[in-house]
Amino acid sequence: MARTKAKSGGVIERMDAVVHDFCVRTRFFNEPMTRGRAMMFAMQHRLNTRQRNSVLKLKVASNCPDWDIRIGILRACAQEVIADHEHGGGRAHWEVLEALGQRIGLKKSQLRNAQPLPSTQLAWSAWEGLMANRHWLEGLVANTCAERANVPGYGRGVFKKSGWFGLERQRWGTLFALEGADLDFFELHEKADIEHSDMGWKAVATHARALRMEDAVVVACERNLLVWELYLNGIADAGDRLKVD
Ligand SMILES: [Fe+2]
Ligand SMILES: [Fe+2]
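Just so it is clear, the model here is predicted, and its values are computed rather than measured.

Caption draft 1: Examining helix α6 (residues 93-103) more closely. Turning to α6, its buried residues are H93, W94, V96, L97, L100 and G101. Projected onto a plane normal to the axis of α6, the buried residues spread over an arc of 155 degrees and lie on a single side. Looking at the packing, one finds that the buried side of α6 touches α4 (35-63), α5 (67-81), α7 (108-113) and α11 (184-207). Backbone geometry just downstream of α6 places G105 in the positive-phi region, at approximately 110 degrees.

Caption draft 2: Structural detail: the environment of N63. Tracing the chain through its elements places N63 in helix α4. For the pair N63 and E138, spaced 75 residues apart in sequence, the C-alpha to C-alpha distance is 11 Å. Not counting residues up to four positions away in its chain, the partners in contact with N63 are R134, W136 and G139.

Caption draft 3: Looking closely at the nonpolar core. Formed by 66 residues in total, the largest nonpolar core has its most connected members in V19, A42, V141, V217 and C221. Not counting residues up to four positions away in its chain, the partners in contact with V141 are G200, V204, V217, A220, C221 and N224.

Caption draft 4: Focus on unusual backbone geometry. Even without glycine at this site, N133 takes up a positive phi of about 55 degrees. You can see N133 is positioned in the loop between α8 (118-131) and α9 (136-144). One non-glycine residue, A177, lies in positive phi territory at about 50 degrees.

Caption draft 5: A look at the environment of L100. Tracing the backbone shows L100 in helix α6. C-beta crowding within 10 Å serves as the criterion here: with 24 such atoms nearby, L100 is assigned to the buried category. Leave out the neighbours within four places in its chain, and L100 touches A42 and F185.

Caption draft 6: Structural context of the packing of α4 against α6. Orientation of α4 relative to α6, taken along the N-to-C sense of each, is 170 degrees, at an axis distance of 9 Å. In terms of axis orientation, α4 runs roughly antiparallel to α6. Contacts from A42, M43, H45, R46, T49 and R50 in α4 reach H93, W94, L97, E98, L100 and G101 in α6. For the contact of α4 with α6, the residue count by class is 5 nonpolar, 4 polar and 3 charged.

Caption draft 7: Layout of the packing of α9 against helix α12 (residues 214-241). Following both chains from N to C, one finds α9 and α12 inclined at 35 degrees, their axes separated by 9 Å at the closest point. Relative to α12, the crossing made by α9 is right-handed. Where α9 abuts α12, its residues L137, E138, V141 and A142 lie against A216, V217, A220, C221 and N224. Its residues assigned to classes, the contact of α9 with α12 comprises 7 nonpolar, 1 polar and 1 charged.

Caption draft 8: Representation of α4. Here α4 contains 29 residues, and its C-alpha end-to-end distance of 40 Å stays within 8% of the 42 Å for a straight helix at 1.5 Å per residue. In the structure, α4 departs most strongly from a straight axis at R52, where the bend amounts to approximately 40 degrees.

The rules we used
Residues numbered from 1 in each chain as written. Chains lettered and ligands numbered in written order. Predicted model: local features only at pLDDT ≥ 70, side-chain atom pairs only at ≥ 80, totals over all residues. Buried ≥ 20, exposed ≤ 12 C-beta atoms within 10 Å, placed from the backbone. Helix = DSSP H or I, 4+ residues; strand = E, 2+ residues; numbered from the N terminus. Arc of directions from axis to C-beta. Contact = placed C-beta atoms within 7 Å. Core = buried A, V, L, I, M, F, W, Y, C linked by C-beta atoms within 7 Å. Axes fitted to C-alpha atoms, helices over the stretch in contact; angles between N-to-C directions. Parallel < 35°, antiparallel > 145°, perpendicular 65-115°, else oblique. Nonpolar A, V, L, I, M, F, W, Y, C, P; charged D, E, K, R; others polar. Left-handed = near helix turned anticlockwise from the far one by under 90°. Expected span 1.5 Å × (residues − 1). Bend = angle between axes of the 7 residues up to and from the residue.

Structure follows, in structure tokens:
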């Protein structure tokens, strides 16, 4: 459905259709959240956000000839891995996630000693192919297309109304009886990721036509979100195998 929609229309409309399709098909979003899945998410996503923002996205920045966009990438990465003074009270996003992991019953040592799942390792290798040695505009789509799911409007129901992390805020709140600042990780991302992903979407709107890359950016969006689907469903499967009390 969205795949066919992705063949016609303006380039932003086509990328939006690809994101919508990702949101409605990915099992991790559409199956119930469980304690095991949430714990596995905290462990894997802490590693993933560090890898993406200290390695993969920087490869895209170094390929980008546009100074403002390059600095925008570095700023977004710094918020994720060094310190977010704007939305995170000076904490890096992985630190906020580490705090959330402890609130749902993980020990700090479990979070810090966690190893990437085979599916997470595969995702990193696949993203490396899609982000390093690629045209910067395709790379920028890779940097920002998953954060797009945190912008309300894609998917259905709560997902559509509040974005992916709005849905998680609700699901984790119910599952672990958390509220307010406990759920900061999901809260801060709504604002931070609208800014981060707008960078990618605006660059595509401005540059795709001039560079004759309309089809290439839509394909990049599809391929990158396939990898995100593999990564998230890998977390769901490993979460189901996790022994939780
Ligand atoms: Fe983040
Ligand atoms: Fe972000």
